Amino acid sequence: MLTMNNEGKEAGDVLVDSLIKAVRMNPQTRQPMSLGEDMLQLRPFCDGADVERAETALDDAAKKFVHQFVVVKSQIDFNKHVNQSIYLSFCEDTASLAASNGIYPSVTGDFDEENIKSFTVYYENECKLGDTIHVETWEAAPRQLKFRVLKDGKVLCFVIMTL
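Residues numbered from 1 in each chain as written. Predicted model: local features only at pLDDT ≥ 70, side-chain atom pairs only at ≥ 80, totals over all residues. Heavy atoms only, no water.

Evaluated as defined, the whole model comprises 2 aromatic pairs. Judged by centre distance (6.4 Å) and plane angle (85 degrees), the ring pair of Tyr87 and Phe90 falls under edge-to-face. Note that Tyr87 and Phe90 are positioned in helix H3 (residues 84-100) at a spacing of 3 residues, about one turn of the helix. This pair shows no difference in class: Tyr87 is buried, exactly as Phe90 is. These aromatic residues form a ring-pair network of at least three members: Phe69, Tyr87 and Phe90. (Phe/Tyr/Trp six-rings, centres within 6.5 Å; stacked < 30°, edge-to-face > 60°. Helix = DSSP H or I, 4+ residues; strand = E, 2+ residues; numbered from the N terminus. Buried < 20%, exposed > 50% of the residue type's maximum accessible area, 1.4 Å probe, protein only.)

Right, here's the structure in full:
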């Protein structure tokens, strides 16, 4: 999970706070493996607080907008999957298109002129070079946008963005 809160911040203030959970992956199968005794000693520092999952249900009354992306090489990191920051770019690009199509009731005009006060990303699955993904977005509450990033119907991440 990655959280950024820009509301009321001044120059030099910390803008990003993240919770990272240690996962050891088998490079051949790309499946999680046991951490082993040496890594389990670090566990209290990795688990952090219990984090509530993002809302996955789309409100039936909300208008939904979907945009498709194909992952290109410049979006891949050294682990051979999409860099975490790229998911936010996918969401911002989708939000810009959704706003210009009148999808968000409280966001009118150019989305790129909006001030993002905070965002939280809940990562669920990985995405690789050449994958086609779909980003769904809707306005859950006034000036609170939600996103669901999917590949083949499987959730890659959820994003909650407050303007």
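Summing up the model confidence of the protein chain, the mean pLDDT is 74 and the portion of residues at 70 or higher is 63%. Taken element by element, the protein chain is modelled with least confidence in helix H2 (residues 43-47), mean pLDDT 36, and with most confidence in strand E5 (residues 65-70), mean pLDDT 94. (pLDDT = per-residue confidence, 0-100.)

Quick look at the state of the cysteines now. Linking two cysteines covalently via their sulfur atoms produces the bond known as a disulfide. Following the criterion strictly, the structure yields 0 disulfides and no others. Counting only cysteine sulfurs, Cys157 is the nearest neighbor of Cys91, a cysteine outside any disulfide, at a range of 5.6 Å. Here Cys157 falls in the buried class, since its relative accessible area comes to 0%. (Disulfide = S-S within 2.5 Å.)

Looking now at H3. In a regular helix each residue adds 1.5 Å, so 17 residues correspond to 24 Å; H3 covers 26 Å between its end C-alpha atoms and thus fits that length. The inward-facing, buried residues of H3 abut E5, strand E6 (118-123), strand E7 (132-141), strand E8 (144-151) and strand E9 (154-162). Note on H3: the residue one or two positions beyond its end, Gly102, has a positive phi of about 70 degrees. (Expected span 1.5 Å × (residues − 1). Contact = heavy atoms within 4.5 Å.)

On to unusual backbone geometry. Notably, Lys80 is not glycine yet its phi reads approximately 65 degrees, a positive angle. By secondary structure assignment, the location of Lys80 is in the loop between E5 and H3. With relative accessibility at 61%, the residue Lys80 sits in the exposed group.

What follows concerns the nonpolar core. The tendency in soluble globular proteins is for nonpolar side chains to be buried as a group. One finds Phe90, Tyr104, Leu145 and Phe147 to be the most contacted residues of the largest nonpolar core, which totals 30 residues. Counting residues per element, the ones that place at least two in this core are E5, H3, E6, E7, E8 and E9. Broken down by element, the residue count for this core peaks at 8 residues, all from H3. Among residues more than four places away in sequence, those in contact with Phe90 are Phe69, Val71, Gln75, Val82, Ile133 and Val135. (Core = buried A, V, L, I, M, F, W, Y, C linked by side-chain atoms within 4.5 Å.)

Along the polypeptide, Glu126 turns up in the loop between E6 and E7. A relative accessible area of 26% means that Glu126 is categorised as partly exposed. Sequence spacing of Glu126 and Val155 is 29 residues, and the spatial spacing of their C-alpha atoms is 9.3 Å.

Attention now moves to a negative patch on the surface. A cluster of acidic residues, Asp93, Asp110, Asp112 and Glu113, forms a negative patch on the protein surface. Take Asp93: it is sitting in helix H3. (Patch = residues over 30% accessible without salt bridge, like charges linked within 9 Å, V, L, I, M, F, W, Y side chains within 5 Å. Areas by Shrake-Rupley, 256 points an atom, 1.4 Å probe, with all protein chains shown as cover. Salt bridge = Lys/Arg side-chain N within 4 Å of Asp/Glu carboxyl O. Lys, Arg positive; Asp, Glu negative; His and termini not counted. Charge placed at Lys NZ, Arg CZ, Asp CG, Glu CD.)

Going through the model one piece at a time under the given rule, you end up with 5 salt bridges. Here Glu136 ties to Lys64 by a salt bridge, and the two come within 3.4 Å at their closest N and O atoms. Placement of the pair is Glu136 in strand E7 and Lys64 in the loop between H2 and E5, with a sequence separation of 72 residues. Measuring nitrogen to oxygen at the nearest pair gives 2.7 Å for the salt bridge that ties Glu136 to Arg148. One end of the pair, Glu136, is in strand E7; the other, Arg148, is in strand E8, and 12 residues separate them in sequence. Glu136 sits in the buried class, given a relative accessible area of 10%.

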